[in-house]
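# Architecture at a glance
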Amino acid sequence: MITLNRRLLLGGGAAALAAPSLMTRAAFAQAADKTMDIDHAMPPETHRFKLGGFQVVVIKDGARASDKPQETFGTNQPPETVAELLQANFLPADQFVNSFAPVLVDTGSEVILFDTGLGEAGRVNGMGRLVEGLTAAGYKREDVSIVVITHMHGDHIGGLMEGGKPAFPNARYVAGQAEYDFWVDPARAGTPAEGGQKGVLANVKPLAEKTTFIADGGDVVSGITAVAAFGHSPGHMIYRLESEGRQLVLAADTANHFVLSLQRPDWEVKFDMDKAAAAATRKRVFDMIATDKLAFLGYHMPFPAVGYVEKVETGYRYVPKSYQFDL
Ligand SMILES: [Zn+2]
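Throughout what follows, the structure given in this document is the object of discussion. (Residues numbered from 1 in each chain as written. Predicted model: local features only at pLDDT ≥ 70, side-chain atom pairs only at ≥ 80, totals over all residues. Heavy atoms only, no water.)

## Describing the overall build of the protein
- A count of helical and extended segments in the protein gives 10 helices and 19 strands.
- Within the span of the protein, comprising 327 residues, buried residues form 49% of the whole.
- Once local pairs closer than 6 in sequence are excluded, the contacts in the protein between residues at least 24 apart make up 68%.
- Just so you have it, the protein exposes about 14900 Å², and 56% of that area is on carbon and sulfur atoms. (Helix = DSSP H or I, 4+ residues; strand = E, 2+ residues; numbered from the N terminus. Buried < 20%, exposed > 50% of the residue type's maximum accessible area, 1.4 Å probe, protein only. Contact = heavy atoms within 4.5 Å. Areas by Shrake-Rupley, 256 points an atom, 1.4 Å probe, with all protein chains shown as cover.)

## Section: unusual backbone geometry
- In this structure, P304 follows F303 across a cis peptide bond, with omega equal to 5°.
- Structurally, P304 can be placed in the loop between β17 (295-298) and β18 (306-312).
- The residue K68 is not glycine, and still its phi comes out positive at about 50°.
- With phi around 65°, F90 is a residue other than glycine that occupies positive phi space.
- Relative to the helices and strands, F90 is located in the loop between α3 (79-88) and β5 (95-100).

## Focus on the sheet that holds strand β3 (residues 54-59)
- Pairing in this open sheet of 7 strands is mixed, and the strands run β2-β3-β6-β7-β8-β11-β12 from one edge to the other. The two strands at the open ends of the sheet, each matched to only one other strand, are β2 (46-51) and β12 (211-214). Looking at each pair of strands side by side, their axes are set apart by 20° on average, direction ignored.
- Bridge count for strand β7 (residues 111-114) against strand β8 (residues 146-149) is 3 bridges, and the pairing is parallel. Bridge pairing in β8 places F114 opposite V148.
- Helix α7 (residues 177-184) contacts β11 (172-176) and β12 of the sheet and is inclined by roughly 85° relative to β11. (Pairing = 2+ DSSP bridges. Axes fitted to C-alpha atoms, helices over the stretch in contact; angles between N-to-C directions.)

## Section: the coordination of the zinc ion
- Coordination of the zinc ion by the protein comes from D155 (OD), H156 (NE2), D253 (OD) and H300 (NE2), over a distance range of 2.1 to 2.3 Å.
- Relative to the metal, the 4 donor atoms surrounding the zinc ion lie at angles of 87 to 170°, and the coordination shape comes out irregular.
- Mapped onto the polypeptide sequence, the residues donating to the zinc ion form the spacing pattern D-H-x96-D-x46-H. Residue D155 is found in helix α6 (residues 154-157), and its partner H300 is found in the loop between β17 and β18; the two are separated by 145 residues along the sequence.
- Judged by relative accessible area, D155 falls into the buried class, the value being 14%. (Donors = N, O, S within 2.8 Å, 3.2 Å for Na, K, Ca; no water. Tetrahedral: all angles 85-135°; square planar, octahedral: opposite > 155°, others 65-115°.)

## Examining the packing of aromatic side chains
- Inspection of every chain in the model, using the stated rule, returns 10 aromatic pairs.
- Aromatic pair F49 and F325: ring centres 4.9 Å apart, planes at 45°, arrangement tilted. Of the two residues, F49 is situated in strand β2 and F325 in the segment after β19 (315-320); the sequence distance between them amounts to 276 residues.
- What makes F49 buried here is its relative accessible area of 3%.
- According to the relative accessible area criterion, F325 is buried, its value standing at 7%.
- When the centroid spacing of 4.9 Å and the interplanar angle of 85° are considered together, the rings of F182 and W183 count as edge-to-face. (Phe/Tyr/Trp six-rings, centres within 6.5 Å; stacked < 30°, edge-to-face > 60°.)

## Some details on helix α8 (residues 194-203)
- Regarding α8, the residues found buried are Q197, V200 and N203. In a view along the axis of α8, the buried residues occupy a sector of 150°, so they form one face of it. Exposed residues on α8 whose side chains face more than 90 degrees from its buried face are G195 and K198.
- Where α8 is buried, its residues contact α6, β9 (161-162) and α7. (Arc of directions from axis to C-beta.)

## Topic: the nonpolar core
- Membership of the largest hydrophobic core comes to 48 residues, with the highest contact counts inside it found for F114, I224, Y239, F286 and F296.
- L113, Y180, W183 and A193 belong to the second-largest nonpolar core, a separate cluster that totals 28 residues. (Core = buried A, V, L, I, M, F, W, Y, C linked by side-chain atoms within 4.5 Å.)

## Side note on the pattern of salt bridges
- Per the stated rule, a full pass over the model turns up 9 salt bridges.
- The shortest N-O distance in the salt bridge between D272 and R282 comes to 3.0 Å. Here the residue D272 occupies a position in the loop between α9 (260-263) and α10 (275-291), and R282 occupies one in helix α10, the gap between them amounting to 10 residues.
- Residue R317 pairs with E310 through a salt bridge whose shortest N-O separation is 2.8 Å.
- Take R317: its relative accessible area is 43%, and that puts it in the partly exposed class. (Salt bridge = Lys/Arg side-chain N within 4 Å of Asp/Glu carboxyl O.)

## Quick word on the sheet that holds strand β15 (residues 237-243)
- With respect to topology, 7 strands assemble into an open sheet ordered β13-β14-β15-β16-β17-β18-β19, the strand pairing being mixed. Only two strands of the sheet have a single partner each, and these edge strands are β13 (219-221) and β19. Ignoring which end each strand starts from, the neighbouring axes of this sheet average 35° apart.

Here's what the structure looks like:
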């Protein structure tokens with residue numbers, strides 16, 4: 001893995017040096033990213049547990065390493081401060097890994113998929129492995145009866161369509177009304193949201209007629225309720241799951257790094273579209289999760305992406321799940 005990363009890193013760097021004017025910002029960012037764990041002989045990692053009467057399957061759609069964590073997390077902090085916090089948590093200061101964890105919830109009567117990973121666009125980089133993971137876990141794409149979209153960034157909607165057709169042919173869809181309204185608004189043209197809008201027009205809009213658009217407090221099915229958690233994106237929604245007294249919060253992108261975003265919830269994050277609102281939401285949601293001692297699943301937490309938080313002086317300490325749901 002080290003050899004591979006080094007090769008890709010050098011390759012990206014050399015290309016950037018050779019033709020800086022020919023590379024768009026996006027292409028440069030992509031060259032700087034290093035795909036992790038490319039071994040197509042192995043199915044992607046999956047993790048299954050029971051939540052009361054629900055079966056929950058977490059799938060690793062992919063993971064990628066990037067340089068300069070300080071340019072993504074704590075962007076309003078001195079870079080040394082971010083580096084120190086990483087090192088104090090036994091993490092490298094010069095690189096970080098972002099992983100992607102769509103979740104399937106089988107209630108017994110519905111097979112509900114929350115978010116769809118990077119899809120075919122991610123596959124060139126060894127990601128977009130959701131369907132492969134579902135298959136390994138015993139589900140076909142035809143089995144999915146509802147697809148819920150937490151928000152409409154590319155790493156969540158990328159797998160909705162495949163080859164111009166719905167990737168989950170028997171599914172209906174649930175998404176936040178505010179989120180959809182923002183992205184399809186013609187006013188996005190010529191703004192930083194224009195690229196994201198293209199993704200929504202290509203992957204979400206074709207499915208709009210089969211989509212139920214919901215707001216805060218809306219139910220997907222009995223026991224699965226939406227909670228508005230705006231900030232990361234204008235209509236970002238999280239979901240509370242409850243079955244037979246067991247609870248889990250699907251916190252989506254409320255926090256995007258298990259150390260930097262949780263221990264310092266106020267630090268600004270490049271991916272948060274409204275940074276102040278995202279920080280306020282982070283504190284509101286994780287105060288609730290800590291106070292009620294709830295388990296949560298964060299889309300970008302280290303796989304299998306499920307854990308707890310304890311409130312500490314500056315924020316929250318992440319405690320990964322172990323056998324709590326096996327008993
Ligand atoms: Zn995301």
